[in-house]
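Per-entry structural report
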Amino acid sequence: MTFPENLMRETTRDFQIYYNPELHGEIRLDTNTNVLGSNPAATRYLADGKWDLNGYPNTYSNGLRSALAELYGLETENLLAGNGSDEMLDVAFKTFTNWGDRCVVPVPSYTLYDYFVKLNGGTTVESDLTEDFQLDVDDIVRSGAKVVIMPSPNNPTGNCFRRKDVEDILSRFDGVVIVDEAYGEYAEGSMMGRVEEFDNLVVMRTFSKAYAMAAMRVGYAAANKRLMDMMLRIKIPYSLNMVSEGAAIAALKDQDFIRRSVAMVREQRPLLDAGLRKLGFETFPSDSNFIMARSPIDHKVLVDGLKARGVLIRDFGAKRRTENCVRTTVGTAELNAILLEKAAEVIESCR
């Protein structure tokens, strides 16, 4: 029997499979993970650990929530932890979105925001960023939406949004404001410690980027206690396993690794930017561990040519507002040299 497409929930029928490249040992500069390699403290924890696999993890990951509270000067009740920041996004939209509620998503920004809005029955309202990829505050405020989400630093453009604009939206927007700080460790400033100042602020972070633990799938969110109580009631119990929770707690204790990781990016980012511009790319300012750039040749030709030469970067060239643009992780000096060398070969082959 062939089941018809209309068996799917109406809001999800246009969903596409997420980015999932077939790998053959390429250098991965497409995922913005930490190029220094696996988190050393978490690796040691996993090597030494012994667990009661017959027992459940803590229902709501209280150990990790307490460790995060200590790091940010908050209380355990301000925090939620789970299976990657993607679960945090899902929980937020499940908590605050009723069927048909309007949710503002900046354009361009993280492609999965629209997925989570529609998955939870909401309606996506696109708000175009300004020419310099900043928030259009008035457009967001007058949208009449229930939720607005914004990544800062923004993915894929790399820049942070102006703090005064975020604060303006928080004070004027009559709904929940989610600030996604997945790349927050690489930027100056954070809204994490300010969640009790605002009635409507939810901040999200992840262990997948600077903490170099993407395989462990750990994310977290912070909000004032009233909002967090709502989210905690919605979150699936036991969703974060005890191994990942323990590894994350160990990683939090090694802030030197985070400092080294951030320092490497801040040293290499301007050098990579200059190298790309020398090849004819138009680069955009970045506060994160990646750079978005407009390619001097067709974006698909560039991305395919790099893949054939063993290097993966992300292609955003077919999307609105990022026409002919690509995004690359900031690598070590050695990785960046390989990227620039291979990119030069692809560009030269088109002449």
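Read on for an overview of the structure. Given the structure is predicted, the values throughout are model-derived calculations rather than measurements.

Considerations on unusual backbone geometry
Trans is the prevailing form of peptide bonds, just as negative phi is the prevailing case for residues other than glycine. Residue S152 is joined to P153 through a cis peptide bond whose omega torsion reads 5°. For the bond running from N155 to P156, omega is 25°, close enough to zero to count as cis. By the element assignment, P156 lies in the loop between β5 (147–151) and α6 (163–172). A positive phi angle, close to 55°, is found at R217, a residue other than glycine. Residue placement: R217 occurs in the loop between β7 (201–206) and β8 (219–223). Residue classification places R217 among the partly exposed positions, given a relative accessible area of 30%. Despite not being glycine, N324 has its phi angle at roughly 60°, a positive value. One can find N324 in the loop between β12 (314–315) and β13 (325–329).

As for the pairing of strand β2 (residues 79–82)
Along β2, one buried face is formed by L79 and A81 and the opposite face, lined by L80 and G82, is buried too. Here β2 runs beside β8; their pairing, made up of 4 bridges, is antiparallel. Within β8, the position partnered with G82 by the bridge is G219.

Examining the packing of aromatic side chains
Within the structure shown, the criterion is met by 10 aromatic pairs. Here F15 and Y115 contribute two aromatic rings whose centre-to-centre distance is 4.9 Å and whose plane-to-plane angle is 40°, an arrangement assigned as tilted. Of this pair, F15 sits in the segment before β1 (27–28) while Y115 sits in helix α4 (residues 112–119), and the two are 100 residues apart along the sequence. Aromatic pair Y110 and Y113: ring centres 5.2 Å apart, planes at 85°, arrangement edge-to-face. The structure contains a cluster of three or more aromatic residues connected by ring pairs, namely Y72, F207, Y211 and Y220. In this structure, R314 is placed above the aromatic ring of Y19, and the distance from its NZ or CZ to the ring centre is 3.9 Å.

Some points on the nonpolar core
Ranked by size, the top nonpolar core spans 58 residues in total, and within it L64, M150, I169 and F207 carry the most contacts. Among all residues touching F207, those that are not within four sequence positions of it are L64, L68, A212, M213, A214, V218, Y220, A248 and L252. With 26 residues, the next largest nonpolar core counts L80, M88, M228 and L232 among its residues.

The rules behind the values
- Residues numbered from 1 in each chain as written.
- Predicted model: local features only at pLDDT ≥ 70, side-chain atom pairs only at ≥ 80, totals over all residues.
- Heavy atoms only, no water.
- Helix = DSSP H or I, 4+ residues; strand = E, 2+ residues; numbered from the N terminus.
- Buried < 20%, exposed > 50% of the residue type's maximum accessible area, 1.4 Å probe, protein only.
- Pairing = 2+ DSSP bridges.
- Phe/Tyr/Trp six-rings, centres within 6.5 Å; stacked < 30°, edge-to-face > 60°.
- Lys NZ or Arg CZ within 6 Å of the ring centre and 35° of its normal.
- Core = buried A, V, L, I, M, F, W, Y, C linked by side-chain atoms within 4.5 Å.
- Contact = heavy atoms within 4.5 Å.

None of this, on its own, says anything about what the molecule does.
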